[in-house]
Amino acid sequence: MFHDLPVALIPLLALAVLQTAAYPNTFHGPLTQRESLSPRLSLAPESLAGRRRQATNSTSPSNPTSSNGTGAGPGTGTSNETDFLWIIQDTFDYTNFFNEFAFYNSGDPTHGTVTYVNQETAFANNLSYISSENTVIMKGDDTTWLQEGEFRQSVRVSSYAQYNTGLFILDTNQAPWGCGVWPAFWTLGNGYWPTTGEIDIIEGVHDNEHNQVTWHTSPGCTLTPTANFTGSIVLQNNQPNLDCTGSATQPGCGITEWSRASYGPTFDAQGGGVFAMKWDQDGIAVWSFYRVAVPQDVKDGTPNPANWGVPVAVLEPGNCDPLTYFQNHSIIFDITFCGDWAGNSYATSGCPGTCADHLMDPTNFVNASWNINWLKVYRRQTVKGVVSGGISVRENLRPWMLLSLLATLSLLCGWFADM
């Protein structure tokens, strides 16, 4: 009987050997990353002034329009060679927010009639605090009457952490708005503006209804008008402005959201919502969701942008390398007043009087406040392996390999029992 044993074992052993050879990584250890993320830096956020300039002759359609692009959009994760997950990197909320962000108290680069205060003054004057509902509050002064020409106090903060790519998700109950008010939630690269780029995720003026997403870069970066997004490209001189160059005379490139609840009083009235910005080698994309439409994967802490539908704004990598034009970004929140955009557009905004006169009355700024639940940053983690029907082939192989080994052992036991 001994001479029959090799014959019986040859097919089973051959199967196990062939499977292992074909998929050598089946039993390997930890997952590997496709790209290495630059370490978080702790440069002083006060040096990251930025400009956020807007062209005063830029307009955008008020009616919702869609691009003519037919692509799947960035971040669909459809590769059959690799797949990836978004893994939590940082969480900022009531437990740590003001420990992780520095207060900027220099002059406003956008020439707003604002005095940005330091942390001590912000806390003392009730401009920054943690609410009784455990939310992060940052606001402009809404209690002090000003003399003509006097600046109104407000807050601007920058994260100590800096990022190169990531998925940035903000859950906010309220974003600032009001005549003469100009808030933003944005990211800014270190160094001389705009050589390392700027991404404005939430930005608007007065009581506008549509959020505007804007990119500011060094020369050479342009929007792709046929990309797949739901917003409208901002116009300059009555033409779509595709040039993302930022300078004293160049406003960058922008896309206005179609939704009339993406900024201003309607956004706040329905309980705010969630904004997400994905920045990786596939480009930069922004989504926004009403409070009642926040994706379940965001609520569960396992975000997957591939499930979120068409983004409201996209900067595709074909005409703008997202890893070259954007580097070492801090996260910034601010609220300024009047200035280059809100001041220059005030006369045509439908707001009363002049921006300077409006600024004097504190009751005009009761809505100039951020009320934030949390901000989370996720990093992209690559999972290697061929994917079929959502289940890795290497995972399917493991039961077969185990069965082969069990069958071999069974034959061995039977052979020894017959001896």
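A word on the overall build of the chain
Now for step 1: In terms of helices and strands, the chain carries 8 helices and 23 strands.
Now for step 2: Looking at the chain as a whole, 52% of its 419 residues are labelled buried.
Now for step 3: In the chain, once contacts between residues fewer than 6 apart in sequence are set aside, the share between residues at least 24 apart is 79%.
Now for step 4: When the accessible surface of the chain is totalled, it reaches about 18,600 Å², and 55% of it is carbon and sulfur.

As for the environment of Y346
Now for step 1: Mapped onto the secondary structure, Y346 falls in the loop between α6 (339-343) and α7 (355-359).
Now for step 2: Sequence spacing of Y346 and C179 is 167 residues, and the spatial spacing of their C-alpha atoms is 7.8 Å.
Now for step 3: Those residues in contact with Y346 that sit more than four places away from it in its chain are C179, G180, H206, C351, P352, G353, T354, C355 and H358.

Focus: the state of the cysteines
Now for step 1: Summed over all chains, the structure comprises 4 disulfides.
Now for step 2: Through a disulfide, C244 is tied to C253; the S-S separation comes to 1.9 Å. The sign of the 85° torsion about the S-S bond sets the C244-C253 disulfide as right-handed. Per residue, the accessibility class of C244 equals that of C253, and both read buried.

Things to note about the nonpolar core
Now for step 1: If you look at the biggest cluster of nonpolar residues, it comprises 74 residues, and the most contacted ones within it are W215, I331, F333 and W370.
Now for step 2: The element that contributes the greatest number of residues to this core is strand β21 (residues 369-384), accounting for 6 residues.
Now for step 3: Residues in contact with F333, not counting those within four places in the same chain, are F97, F101, M138, V155, R156, V157, L170, A184, F185, W370, I372 and L375.

Considering the sheet that holds strand β12 (residues 212-216)
Now for step 1: Overall, antiparallel pairing links the 8 strands, which are arranged β3-β8-β20-β10-β11-β12-β16-β13 in an open sheet. The sheet is open, and its two borders are formed by β3 (101-103) and β13 (232-233), each paired with just one other strand.
Now for step 2: Bridge count between strand β8 (residues 156-159) and strand β20 (residues 329-337): 3 bridges; the pairing is antiparallel. By the bridge assignment, V157 is partnered in β20 with F333.

Let's talk about the pattern of salt bridges
Working definition: two side chains of opposite charge can pair if their charged atoms are close together.
Now for step 1: For the structure on display, the rule yields 6 salt bridges.
Now for step 2: The partner of K139 in a salt bridge is D142, and the shortest N-O contact between them spans 3.4 Å.
Now for step 3: A salt bridge links D171 to R291, with the nearest nitrogen and oxygen atoms 3.0 Å apart. A residue pair is termed long-range when its members are at least 10 positions apart, and D171 in strand β9 (residues 166-174) and R291 in the loop between β18 (283-290) and α5 (296-299) qualify at 120 residues.

What to know about a nonpolar patch on the surface
Now for step 1: Taken together, W258, Y290 and V292 make up a surface patch of nonpolar side chains, about 330 Å² in accessible area.
Now for step 2: Locating Y290 in the fold gives a position in strand β18.
Now for step 3: We classify Y290 as partly exposed; its relative accessible area is 34%.

Considerations on the environment of W186
Now for step 1: If you trace the backbone, W186 turns up in strand β10 (residues 181-189).
Now for step 2: Expressed as a C-alpha distance, the spacing of W186 and V213, which sit 27 residues apart in the sequence, is 9.3 Å.
Now for step 3: Within the structure, the side chain of W186 is placed 2.7 Å from the side chain of D334, a separation counted as a polar contact.

Quick word on the side chain of D200
Now for step 1: With respect to the helices and strands, D200 occurs in strand β11 (residues 198-203).
Now for step 2: The class of D200 is buried, set by a relative accessible area of 0%.
Now for step 3: Looking at D200, its side chain comes within polar contact range of the side chain of H216, at 3.1 Å.

Considerations on the side chain of T245
Now for step 1: In this fold, T245 is placed in the loop between β15 (239-240) and β16 (253-256).
Now for step 2: Given the relative accessible area of 12%, T245 is considered buried.

Regarding the packing of aromatic side chains
Now for step 1: Under the definition given, this model contains 19 aromatic pairs.
Now for step 2: With centroids separated by 5.5 Å and ring planes inclined at 90°, the aromatic side chains of Y163 and F168 adopt a geometry described as edge-to-face. In this structure, Y163 and F168 share a single accessibility class: buried.
Now for step 3: Ring geometry for W182 against W341: centres 6.0 Å apart, planes inclined by 85°, an arrangement best described as edge-to-face. Of this pair, W182 sits in strand β10 while W341 sits in helix α6, placing them 159 residues apart in sequence.
Now for step 4: On the accessibility criterion, W182 (0% relative accessible area) is buried.

A closer look at the confidence of the model for the chain
Now for step 1: When pLDDT is averaged along the chain, the result is 82; 72% of the residues meet or exceed 70.
Now for step 2: When pLDDT is averaged over each helix and strand of the chain, the minimum, 40, is found for strand β1 (residues 58-59) and the maximum, 99, for strand β6 (residues 136-139).
Now for step 3: The low-confidence segment residues 12-48 (pLDDT under 50) makes 67 contacts with residues lying over four places distant or belonging to another chain.
Now for step 4: Here residues 387-398 scores under 50 on pLDDT; set against residues more than four positions off or in separate chains, the count is 16 contacts.

Parameters and conventions
- Residues numbered from 1 in each chain as written.
- Predicted model: local features only at pLDDT ≥ 70, side-chain atom pairs only at ≥ 80, totals over all residues.
- Heavy atoms only, no water.
- Helix = DSSP H or I, 4+ residues; strand = E, 2+ residues; numbered from the N terminus.
- Buried < 20%, exposed > 50% of the residue type's maximum accessible area, 1.4 Å probe, protein only.
- Contact = heavy atoms within 4.5 Å.
- Areas by Shrake-Rupley, 256 points an atom, 1.4 Å probe, with all protein chains shown as cover.
- Disulfide = S-S within 2.5 Å.
- Core = buried A, V, L, I, M, F, W, Y, C linked by side-chain atoms within 4.5 Å.
- Pairing = 2+ DSSP bridges.
- Salt bridge = Lys/Arg side-chain N within 4 Å of Asp/Glu carboxyl O.
- Patch = residues over 30% accessible without salt bridge, like charges linked within 9 Å, V, L, I, M, F, W, Y side chains within 5 Å.
- Polar contact = N/O pair within 3.5 Å; in protein donor to acceptor, adjacent residues only side chain to side chain.
- Phe/Tyr/Trp six-rings, centres within 6.5 Å; stacked < 30°, edge-to-face > 60°.
- pLDDT = per-residue confidence, 0-100.

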